[in-house]
Amino acid sequence: MTNNTEKTVRYHWLRWLLAGVFCLIIAGVIWRVWFSGHGAGGGMPGPGGHRMGMQAGSGGTLVHAGSATQANVPVYLSSPGTVVPNASVTVTSRVDGQLDKVYFTEGQKVTAGQLLAQIDDRTYQATLQQYEGALAQNKALLTSARLTLARYRKLYAEDSLSRQDLESQMATVGQYSGAVQEDQAQINSAKINIGYSRITAPVSGRVGLRLVDPGNMVTASSTSLVTITQMQPAAVTFSVPQSNIPQLVKTLHHGEALPATAFDQNDSTALAQGTVRFMSNEIDTSTGSVELKAMFPNTDEALFANQFVNLRLQTEVLNNATVIPAQALQLSSDGSFVFVINADDTVTRRSVTTGPAYGSDQQVILSGVKPGDRLVTEGIDRLTTGAKVSVVDSSETRAAAGTVSDKERSQAKN
C-alpha cells in the first residue's frame, strides 16, 4: 500500500515537472520571436525594410522628419484637348478639264501661291481667242458707227437729215459700244478660267496625300486634289468646368494670356509651350463646361493635326506658399492632419487645410502649418499628441535596416 502511494506521488511530480519545462520552452520561443521583431527597430516598417516605431534609448519613438518651406507655387488646370490646324484647306479645281501635271510631292511643305497642278487649258485658250476676235469685230463696227454718227450730226445741223435718222444712228453706236463691253467681259472671264487651270496653294502649310492622279478628268468644286494643313502655329481646343470661368475671365478679358503646356497622351512628355488667349462666349449646357483655345508656335511640328493631348493651363501663382513633404500629410475621418515636432521632441497632431500639389512629392498647405515647422514623415502610425520622438538620420536608418558597414560604425563611434 505504501509503495503504491509513493509511486503515485512520483508520477504526479514528474508530470508537473514536464509541464513546467514545456511552458518554459514555449515562453522562450515567444520571447525570441518578439525580440527579433521588435528588439532592433520594431514597430512600423520604414524605408529600406527596417521597422519604425521602436522606443529609442532615450525613450522616444524613432521617426523621420521633414521641414515646411516656402515656394512660389503655380496652380494648374488640366484637361484633355485636341490639336487643330491653324488652317485646313481642301484644294479643288475651279474649272472642268483633264489634270495634266502635278507639281507637289505628298507630305511636302508648300507656300501660298506655289503651283500645285496644271489642268489642260487649250479649250479655254481657244475660247479666249474667239472672244478676242468678236471684240475686234465689234470695235470696228463701233468705230464705223461713230464716224457715221458724226456725219449725221453735221447733216442734221444743216437741216439735211431728219431727227429720226440721227437718233437711230446714235442707238447703233450705243449697241456696238455695249457689244464691245460684253466681249471684253467674256475675254476677262476666259482669262480667269485659264488662270484657274493653274492650281496654286491658297495657304502655306504641309500637303497631305494626293487624291487625283494626272490624266483624270476633274470637275469644278467637286473634285478634291489634296488637303493643306497649316500647323505653324497650331491650336489646341479643350474645355474646363464652368466654375473656373470667373478666374479665367479676369485674365483673358483684359487682353492677357495664360501659359499652357501640351503633354502627350500618356501625360509624361511635354510636347509644346504656348498660351491661352481665347475663350468661348457660351457654356455647353450638355457638359457644363466652356471651351478654350491654346496657341502654340509648333516650330518643331511636335503637334499633329487631330492629335489627342493633355493640356495643362497655369491659372495663377501662389506666392510664398507653405510647402510640406507629401509623406507628412495624413488623412482621417476628421480631415487632413500632420504631426508637428515641438522643441522638446514631443509631437502635436494638427489639422491642416490643403492646397494644390507641388511637383510629385510636395504639398501646399493653406493653413495649420508655418514655414520652418518640423513634421513627421515616417513612423506616424503609433504617434499621439504629446508622444516623445527621436528623429533618425540616414545612417541610423540604415543601421536599423542592417546595411551600415563596419567602417561606418567605427566612424560613428569615433
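Everything discussed here concerns the structure shown above.
From a predicted model like this one, the values you see are computed outputs, not experimental measurements.

*Asks:* So what's going on with the environment of Ser79? Residues and values would help.
*Replies:* For Ser79, the position within the fold is in strand β4 (residues 69–92). Placed 159 residues apart in sequence, Ser79 and Phe238 show a C-alpha to C-alpha distance of 6.5 Å. A polar contact of 2.7 Å, which involves the side chain of Ser79, links it to the backbone oxygen of Ser239.

*Asks:* Would you mind going over the environment of Arg350 in detail, with residue names and values included?
*Replies:* In this fold, Arg350 is placed in strand β18 (residues 347–351). For Arg350, a relative accessible area of 27% translates into the label partly exposed. Between the alpha carbons of Arg350 and Val338 there is a distance of 5.5 Å; along the sequence they are 12 residues apart. Ignoring any residue separated from it by four or fewer positions in sequence, one finds Arg350 in contact with Ser336, Phe337, Val338, Val340, Gly368, Val369 and Asp373. A polar atom in the side chain of Arg350 sits 3.3 Å from the backbone oxygen of Gly368.

*Asks:* So, the packing of helix α2 (residues 122–157) against helix α3 (residues 163–196): which residues are in play, and what are the values?
*Replies:* Between two packed helices, both the angle of their axes relative to each other and the distance between the axes serve to describe the pair. Remark: α2 packs on α3, axes separated minimally by 8 Å, with the N-to-C direction vectors making an angle of 160 degrees. Relative to α3, α2 is oriented roughly antiparallel. Taken as a pair, α2 and α3 cross one another with a handedness that is left-handed. Residues that form the contact of α2 with α3 fall into these classes: 20 nonpolar, 9 polar and 8 charged.

*Asks:* So what's going on with the side chain of Ser79? Residues and values would help.
*Replies:* Residue class for Ser79 comes out buried when judged on its relative accessible area of 9%. Other than its neighbours up to four places away in sequence, Ser79 contacts Phe238, Ser239, Val309, Asn310 and Leu311.

*Asks:* Please set out the sheet that holds strand β10 (residues 217–218) residue by residue, giving values where relevant.
*Replies:* Read from one edge of the open sheet, 4 strands run β8-β7-β5-β10, paired in antiparallel fashion. Each of the sheet's edge strands pairs with one partner strand only, and the pair in question is β8 (198–200) and β10. Relative to β10, strand β5 (residues 97–102) runs antiparallel, the two sharing 2 bridges. Looking at the pairing, Gln98 lines up with Met217 of β10.

*Asks:* Please set out the pattern of salt bridges residue by residue, giving values where relevant.
*Replies:* Scanning the entire structure with this criterion turns up 7 salt bridges. Asp373 serves as the salt-bridge partner of Arg350, at 3.4 Å between the closest nitrogen and oxygen. Here Asp373 lies in the loop between β20 (362–367) and β21 (374–378) and Arg350 lies in strand β18, a separation of 23 residues in the sequence. Close ionic contact of Asp373 with Lys370 constitutes a salt bridge, the shortest N to O distance being 3.4 Å. Through salt bridges with shared partners, a single ionic network connects Arg350, Lys370 and Asp373.

*Asks:* Outline the pairing of strand β15 (residues 308–325), listing residues and values.
*Replies:* In this sheet, β15 lies alongside β4 in antiparallel orientation, the contact comprising 13 bridges. Paired with Thr82 across the strands is Phe308, a residue of β15. Sheet topology places strand β12 (residues 258–263) next to β15; 4 bridges connect them, and they run antiparallel. Bridge pairing links Ala262 to Leu311 in β15. Pairing analysis gives 4 bridges linking β15 to β20, with the strands arranged antiparallel. Paired with Val323 across the two strands is Val364, which belongs to β20.

*Asks:* Please set out α3 residue by residue, giving values where relevant.
*Replies:* Here α3 contains 34 residues, and its C-alpha end-to-end distance of 50 Å stays within 8% of the 50 Å for a straight helix at 1.5 Å per residue. Where α3 is concerned, the buried positions are Leu166, Gln169, Val173, Ala179, Val180, Asp183, Ile187, Ala190 and Ile194. Buried-residue contacts for α3 involve α2 and β8.

Conventions used here
Residues numbered from 1 in each chain as written. Predicted model: local features only at pLDDT ≥ 70, side-chain atom pairs only at ≥ 80, totals over all residues. Heavy atoms only, no water. Helix = DSSP H or I, 4+ residues; strand = E, 2+ residues; numbered from the N terminus. Polar contact = N/O pair within 3.5 Å; in protein donor to acceptor, adjacent residues only side chain to side chain. Buried < 20%, exposed > 50% of the residue type's maximum accessible area, 1.4 Å probe, protein only. Contact = heavy atoms within 4.5 Å. Axes fitted to C-alpha atoms, helices over the stretch in contact; angles between N-to-C directions. Parallel < 35°, antiparallel > 145°, perpendicular 65-115°, else oblique. Left-handed = near helix turned anticlockwise from the far one by under 90°. Nonpolar A, V, L, I, M, F, W, Y, C, P; charged D, E, K, R; others polar. Pairing = 2+ DSSP bridges. Salt bridge = Lys/Arg side-chain N within 4 Å of Asp/Glu carboxyl O. Expected span 1.5 Å × (residues − 1).

That's the geometry; what it means functionally is another story.
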